[in-house]
Every structure is written in C-alpha cells, then in structure tokens.
Protein chains: 2
Amino acid sequence: MSTILDVCKLAGVSKATVSRVINGTGQVKESTRDNVFSAMKELGYRPNRLAQALATNKTHTVGLVVSDFDGIHFGLLLKQAAASAELANKQLIVTDGHNDPAYEYEVILQLEAQCDAIVLYSRTLTDDHIQLLHKQLTIPIVVINRDLPEQLFHSVSFQQENAVTLMMNHLLTNGHKDIACITGHMNNPTGIARLNGYKNALKSASIPFQKSLLKNGHYDMKSGYQACQSLLKEKSNFTAIIAFNDCMALGALRALTEAGINVPEQVSIIGIDDDPVSEFFTPRLTTVKLPIVEMTKQAVELAITLCDESKPTHSYQYQGELIQRESVMPVKLKA
Amino acid sequence: MSTILDVCKLAGVSKATVSRVINGTGQVKESTRDNVFSAMKELGYRPNRLAQALATNKTHTVGLVVSDFDGIHFGLLLKQAAASAELANKQLIVTDGHNDPAYEYEVILQLEAQCDAIVLYSRTLTDDHIQLLHKQLTIPIVVINRDLPEQLFHSVSFQQENAVTLMMNHLLTNGHKDIACITGHMNNPTGIARLNGYKNALKSASIPFQKSLLKNGHYDMKSGYQACQSLLKEKSNFTAIIAFNDCMALGALRALTEAGINVPEQVSIIGIDDDPVSEFFTPRLTTVKLPIVEMTKQAVELAITLCDESKPTHSYQYQGELIQRESVMPVKLKA
DNA sequence: CTGTTAGCGCCTTCAG
DNA sequence: CTGAAGGCGCTAACAG
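Residues numbered from 1 in each chain as written. Chains lettered and ligands numbered in written order. Predicted model: local features only at pLDDT ≥ 70, side-chain atom pairs only at ≥ 80, totals over all residues. Heavy atoms only, no water.

A. How the structure looks around the protein's contact with DNA strand D. Around DNA strand D, the surrounding shell holds 26 residues, and the nearest of these are A:Ile4, A:Lys15, A:Tyr45, B:Arg20 and B:Thr32. Restricting attention to atoms of DNA strand D within 4 Å of the protein, one finds that 63% of them are sugar or phosphate atoms. Residue B:Ala55 places a main-chain N or O atom 3.3 Å away from a base oxygen belonging to DNA strand D. Put simply, the parts of the chain that give the surface near DNA strand D at least two residues each are α2 (15–23) and α4 (49–56) of chain A together with α2 (15–23) and α4 (49–56) of chain B. Here the element with the most residues in the surface near DNA strand D is α2(A); it accounts for 5 residues. Classifying every residue of the surface near DNA strand D by side-chain character gives 11 nonpolar, 10 polar and 5 charged. (Near = heavy atom within 4 Å. Polar contact = N/O pair within 3.5 Å; in protein donor to acceptor, adjacent residues only side chain to side chain. Helix = DSSP H or I, 4+ residues; strand = E, 2+ residues; numbered from the N terminus. Nonpolar A, V, L, I, M, F, W, Y, C, P; charged D, E, K, R; others polar.)

B. Structural detail: the environment of B:Ile270. All names here are of chain B. Residue placement: Ile 270 occurs in strand β9 (residues 268–273). The exposure class assigned to Ile 270 is buried, which follows from its relative accessible area of 0%. Each C-alpha atom, one on Ile 270 and one on Ala 51, is 52 Å from the other, the two residues being 219 residues apart in sequence. Sequence-distant contacts of Ile 270, that is, excluding residues within four places in its chain, are made with Met 167, His 170, Leu 171, Ile 241, Ile 242, Ala 243, Ala 249, Thr 286, Thr 287, Leu 322 and Val 328. (Buried < 20%, exposed > 50% of the residue type's maximum accessible area, 1.4 Å probe, protein only. Contact = heavy atoms within 4.5 Å.)

C. Local environment of the sheet that holds strand β5 (residues 154–158) of chain A. Residue and element names in this part refer to chain A. The strand order β2-β1-β3-β4-β5-β11 describes an open sheet built from 6 strands, whose pairing is parallel. Every interior strand has two partners, whereas the edge strands, β2 (91–96) and β11 (315–318), have only one. On average, each strand axis in the sheet is inclined to that of its neighbour by 15°, with strand direction left out of account. With 3 bridges connecting them, strand β3 (residues 117–121) and strand β4 (residues 141–144) associate as parallel partners. Within β4, the residue paired with Val 119 across the bridge is Val 142. Each of β1 (61–66), β2 and β3 touches helix α5 (residues 74–87); the most contacted strand, β1, lies at about 175° to it. (Pairing = 2+ DSSP bridges. Axes fitted to C-alpha atoms, helices over the stretch in contact; angles between N-to-C directions.)

D. Structural context of the relation of the copies chain A and chain B. With an RMSD of 0.1 Å, the fit of chain A onto chain B corresponds to turning through 180° and sliding 0.1 Å along the axis. Viewed as a symmetry operation, the transformation between the two copies matches a two-fold axis. A shared interface surface links the copies, since 100% of the contact residues of chain A are contact residues in chain B too. (Least-squares fit on C-alpha atoms with pLDDT ≥ 70 in both.)

E. Spatial organisation of the interface of chain A and chain B. Contacts between chain A and chain B engage 50 residues on the former and 50 residues on the latter. Contact between chain A and chain B buries roughly 4200 Å² in total, counting both sides, with carbon and sulfur atoms accounting for 66%. Contact with chain B buries area across many residues of chain A, yet A:Leu50, A:Arg254 and A:Phe280 alone supply 18% of it, more than any other trio. At the junction of chain A and chain B, the tally comes to 6 salt bridges. Its salt-bridge partner being B:Asp68, residue A:Lys79 comes within 3.1 Å of it at the nearest N-O pair. For the pair chain A and chain B, the interface holds 12 residue pairs in polar contact (both at pLDDT 80 or more). (Buried area = accessible area lost by both parts, 1.4 Å probe. Salt bridge = Lys/Arg side-chain N within 4 Å of Asp/Glu carboxyl O.)

F. Inspection of the pattern of salt bridges at higher detail. Under the criterion given, the structure shown has 22 salt bridges over all chains. Here B:Asp274 ties to B:Arg325 by a salt bridge, and the two come within 3.0 Å at their closest N and O atoms. Here B:Arg325 lies in the segment after β12 (321–323) and B:Asp274 lies in the loop between β9 and β10 (286–289), a separation of 51 residues in the sequence. Of the residues examined, B:Asp274 reaches a relative accessible area of 24% and is grouped as partly exposed. B:Arg325 sits in the buried class, given a relative accessible area of 16%. As a salt-bridge pair, B:Lys297 and B:Glu301 come within 3.3 Å of each other at their nearest N and O atoms. With B:Lys297 and B:Glu301 both in helix α12 (residues 292–308) and 4 residues apart, the pair spans about one turn of that helix. Judged by relative accessible area, which is 38%, B:Lys297 ranks as partly exposed. In this structure B:Glu301 comes out as partly exposed when scored by relative accessible area, which is 34%. Among the charged side chains, a network of salt bridges with common partners joins A:Asp68, A:Asp70 and B:Lys79.

Here it is, written out as structure tokens:
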C-alpha cells in the first residue's frame, strides 16, 4: 500500500499539493495536478481513510447499530440503509449488539470515533439508556422505533398501538369477538404498546379480556407455531388470531393447517409488518404494513444531514396501513 | 471525548505510561496503574481506535463484503459472522457492493486500511477479479463460495453441482422424468455449476434436455412464482420442479396452488438451501441443505487466524444434504 | 500556485 | 518502572 509520500516522490511535489489534489481543495496548476493524478494511478494509490479521519475528525461514515442480526426487519432495513448511505457518499458500518444491552451500549460508545453519526434500532436498550447515550455521545444519534413523549433525541417512530387498533378493528368489523393474541417479547416498549392496543380495542368493543387467549411469542415462525398449538391444546374458543408480527402469524397458520383447521373459514389470522413472504403463503396473509423501508430511509438521511449540521431534535412518526388479503373473513355464526 | 492527554494530566503520568496500562504492555507499578485506571474511568475515557490502528497498523477488525444486503443467505451469514468475530474480540465491519462489480471491487480496496482481513461473499465479481484482488491486497482475503481448481486464495466453498445431483437423484428415484428447472442468475459460477448438475443428471438418466422446461429466476419468491406461471401457461408437461433455491421453489409452490394443482400429488417440488421458512409452508418443502452457517464460521475464523499469522491457501469444501419433507412423492402413472 | 510546519490520538523504541 | 521523542498517513494554516 503506497502512501502519500510515495506519490510525492513520484510526482516531485510536496504532501500539501498531493493532499490538495486528493481533496480538490485550494488551487493547483493543471499540469501538476495531472502529474499527481498519474502518479497516483501508477502507484494504485488510495488515501488511507483512517489517517484522513484522524486528521480531519471526519469519518464520512455513519454507524448502524441493531440489537441482533436476525431482527425482524433486518434485511430490508440494511438494504435501504446501505442505499441511502451510498447515495450520500458515506460509508456505512453495521454492528449488532448480540441482544445484550451492556454490549450494545459499549459498541455504540466505541463507534463514536469511527462515525459521524449513529442510527440505532435497539430492542434491548431502555429509553433511559438511550437518553444517557444521547447525552454522553459527541456525535448525533437517530433512534428508530422509540417514541418518547418529550423529544429528547432524534427519532423515527411507528405508532405501534394504532397499528394494533387497525388490526383489531378489522377483525371486530368482521364480527370476531373471540380473538386470540400472540404477542412478542414484553420487555420492550414495542411489545407493551401493542398489547395495550389489543386490550384497549377489546375494551372499546366491550369484550372482556381473557388471559387464556393471550400467548407469548418471540417474533419468529416457530414461536407463533407453538403459541397456536398451545391455544389449540387448551381448546380455547377463538375465531380469530392476531399476531404481533407476520412471522408468528404464519407460524400459527401452519399450526392451524396441521390441525386440519381451515383459514380463514374457521379461523381468521392477521399479522403485522407486511413481510415479503406473507403473500406467498396460502391463504395470502392479511396484515398491517409497517413501513420499515421508508422509516429507515428517513433515519439514515437524517443521520447523514446531522453529520454536517445540527438540527433540533424531532420525532418523525409513521403509521400502519391495513393490507387486506385472504386470511380474514367474517365470522360464521354457530349453528 | 477525552483523549490520552486528559488521562495523563489527571493521573499525573506520561502518555507512554497510560498507553502501557491501556494495552497491558510493559511493566507498570500497581499503584500508578490504579491511578491511571481511575482517571480513565472518571473521564469515561476510551482509546480512539482509529488512532490506535494508525499507530500500530492493526485494526482488530475483519471486513465482510457481500454483493447485496438481500442476498440469499444474508441473515444467517451475518449473524454467524458477528458471533464468530465477537468471540475473537474482533470488530466486524460489514459492507455491500450494491450488486455492482466495479463498486464492490472499489469497496474492497478501500477496506484495506480499515481491516486486518476480509471475508468476501461475492456473486458479481468474476474469479479473475478476485484473483486480481488477492494479488493487489496486502491483507488476506477469504472467499466464500468460489471453488477454483488451483488454490489461488483462501476459500470456503460448496459443491454446487453435487448438491443439484442430490436433488435430481431424489426426483429420479421417485420416478420423475419430466423435471422442470427454475434457475438463478446465470452470470456467475454458482448458477453455471448448478445448471450443469441438472443437465448432467438428465444425461446420466438418459433423459433428453428440454429447453422448454428451463426457466430463469432471480432467487426470490416472485421470480419462482413467475417462472412457474410461465411453465403453466406454456402447458409444459412436467411432474416435478427443481428450483435453484428454496425461495423460488416456494414461489413456484404458490403458483401451483393458485392454479389448483396439488403438491406433491400432481407435481413434486424440491429446493436448495433449507431456508428457515421452508418447513412452515404447506406442504413442507423438501430441500437440500446448504450449510451456510458452518461455512461462514469457517471463513470468519480463518480470516481471524490470518490476521495474525499467514497460512498457505487452502480450500475448505462443504457438501449438501438432502432433507426429505413433504413436497416430493413418487410420480403417478398416467391413467 | 506551492512548500513548510504542526498537529489528529496513539504506540513504541530508547534512555534514564 | 517511567518519560521524552519520533512516527503512523493525512490535513490545514501559514508563509512565500
């Protein structure tokens, strides 16, 4: 790997001049610029970004931290983040926190010297942790999926409870009253908000909440499958299932299918996310779209803006949207 | 962000001493070490990794480059890579090449100063490009999924053709002769090797290759769906479909289901990957497992080893394994 | 227009 | 056991 000095020698100029042509700063005579360029090309020279960063205190990279590399919206999120970053000519450095809050916290602090801004999509850190981070960090941080009443940091959030309300209303409108619910982890704001959505919708419809219809899942297909099986084993009475994401809804669908129960004729199912796979199952899954791509775009673009200029903290809010497909139908009246 | 100088002042020692306690090198009196530590803690000091890297020419990070963030095995690969890296106390920096060979090439070169080793999972770069890279790079590179006859670089590969042979034999054993094939991109070694597997299996069974039974896909569900629809529209005669990955197989399954064709009673389907979603479809998809997790582990661990010591290039080979589920059954004789 | 001179934050001989 | 000094590769005033 050749350095700037090699270029200097070959082109017969000083470091300053080479630096000028690298960065397009200052005035350089065209002939010497050409000289420098050809020297660079001949050597296959590439400026060392670490050295550049150290000298300028600018890394031109944004850090993306997720709690886990198999999180729910992981793929779409990364893809969009990469696209947005490249568009702005920024490097993207991606890290996961192994689902461990302490580790994740440390990772973010470590990143401080390596990025100009951070985008965080955490499901392990508490709101308090995030606030602490925000104060401690000298670089801006944009938080996805956290929605604090006071706007203490930049955030891009999704109205979780409202999304569940949408789902419930769709079911209620179709005459369902016995609605089972497969939740996600209940140790973070997302799970809690969604559960509130479920309970409040029930309350609004004057339907008593039944603990036996509530099952815990972990956002993956298998846990949706298992949750549904336990619902079945307990012979609970339900005409519909709402799951806190599409994967679990799909897992439940599988369990129902195995048990010889028809969806949606006998039981309706609705999920949330609009996962790309959802429309390839039979029946095609009805769901509420979570605009993760748009949210990611917003977050990364905001982070990139914040690399160069500061802005007052603001919360960008997104909402769900019902996508009607084939897994929900009006409840059949019992004979 | 405090620097080493701040610690020096607070602890009343020189940079050298602080550096020693940071790195645990050299001898430091216990009392002064404690002093330094408490100064660091008080300041919330964290060594600047960029500066460390510049000074030592060691980054303690390995770079992972994939062609695209929605590549096939993307999630599992990242998750395992992150786990392996953390285990070895290395940072992982992940980048994608936006499916553009030139961009990807450039990205890798750029990474040279930022990592101690690179793991590459490319589907856009040619073997020649990779060789060129290997020669140009001063850091080691481990290539996943390329298998050159001569071992010109470190690689972890999968016997693509053999995997397809497994799939075909399973179908042939079940009496299928009219076997449609949904391929992936044909501009890279993987696609070519797999197609060879298909054609050679046909030849071994003395079944003529029919161009009309061959459809191109792009490894996603939608393209599998479309390929199957076009097969159907052309009224091709087939009793089985082999797809070059599970996603496309699942897309084809959907197309068949929509057309009122029973799987596997009327048409058998087999995929490759053993994608986690495959066993949640109905029928559960028969497939050949591609051990991407094991391969990734091998590749990253190798890369980490190469950070500190050089080794002669070697190719680690992996094979597929048939996973029989429910989407294949013996062909029915025509009435 | 170009070169000289200091750093960026850290590590690492080499003396003491 | 500790400090002073130089350097990693690059940028950024400041002269000229």
